[in-house]
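Structural characterization, general
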Amino acid sequence: MAIERTFSIIKPDATRRNLTGKINAKLEGAGLRIVAQRRVWMTTAQAEQFYGVHRERPFFRDLVTFMTSGPVVVQVLEGENAVAANREVMGATNPANAAEGTIRKEFAESIEANSVHGSDSAENAATEIAYFFAGTDIVG
């Protein structure tokens, strides 16, 4: 197994309800270490660029509006197979389909307000990490 890094966002629905600590406890309980973390309030331009891959999808505008509706916590997670480990502890995008004990099953309000984002591949993780963090921001 390989130690790798992945990217995580604690979304506005979760920060509004003060769930950052509970979500991070679940991430750490899954064997992931938080090696960089920052609380930010994304601008519309930042959210549009970050989610640009979805620009032509019907949910794009709503996604940008939601992600700019309040502060988020962006972070870099490190651990054994971190991308897969993070996706497992997050649970399915639709909380109705998420397994018991996952972040989305416990904390999501809806499929849109599902509390967390996580990279879906090591390649996307590298891109997403670089969007918010310089290499010197990451402290293992």
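Everything below is about the structure printed above this text.
Anyway, here's the lowdown on the structure attached to this text. (Residues numbered from 1 in each chain as written. Predicted model: local features only at pLDDT ≥ 70, side-chain atom pairs only at ≥ 80, totals over all residues. Heavy atoms only, no water.)

1. Quick notes on the overall build of the protein chain
On a plain count of helices and strands, the protein chain comes out with seven helices and four strands. When its helices and strands are written in sequence order, the protein chain yields β-α-α-β-α-α-β-α-α-β-α. Taken over C-alpha atoms, the radius of gyration comes to 14 Å for the protein chain, in line with the 14 Å a tight globule of 140 residues would show. Along the first, second and third principal axes, the C-alpha set of the protein chain runs to 40 × 35 × 25 Å. Split into buried and exposed, the 140 residues of the protein chain put 47% on the buried side. Surface accessibility of the protein chain: about 7,100 Å² in total, with carbon and sulfur atoms responsible for 51%. (Helix = DSSP H or I, 4+ residues; strand = E, 2+ residues; numbered from the N terminus. Rg over C-alpha atoms; globule rule 2.2 N^0.38 Å. Buried < 20%, exposed > 50% of the residue type's maximum accessible area, 1.4 Å probe, protein only. Areas by Shrake-Rupley, 256 points an atom, 1.4 Å probe, with all protein chains shown as cover.)

2. Brief notes about the side chain of histidine 117
With respect to the helices, strands and loops of the structure, histidine 117 is situated in strand β4 (residues 116–118). The class for histidine 117 is buried, based on a relative accessible area of 14%. One polar contact links histidine 117 to glutamate 128, side chain to side chain, over a distance of 3.2 Å. When near neighbours in sequence (up to four residues on either side) are disregarded, histidine 117 contacts Phe7, Ser8, Ile9, Lys11, Phe50, Tyr51, Met90, Arg104 and Glu128. (Polar contact = N/O pair within 3.5 Å; in protein donor to acceptor, adjacent residues only side chain to side chain. Contact = heavy atoms within 4.5 Å.)

3. Quick word on the nonpolar core
Ranked by size, the top nonpolar core spans 22 residues in total, and within it Phe7, Ile9, Met67, Val74, Phe132 and Phe133 carry the most contacts. Listing elements by their share of this core, those giving two or more residues are β1 (3–10), β2 (33–40), α3 (44–50), α4 (60–67), β3 (72–80) and α7 (122–132). Of all the elements, α4 adds the most residues to this core, at five residues. If you look at the next biggest cluster of nonpolar residues, it comprises 15 residues, including Val89, Met90, Ile103 and Val116. (Core = buried A, V, L, I, M, F, W, Y, C linked by side-chain atoms within 4.5 Å.)

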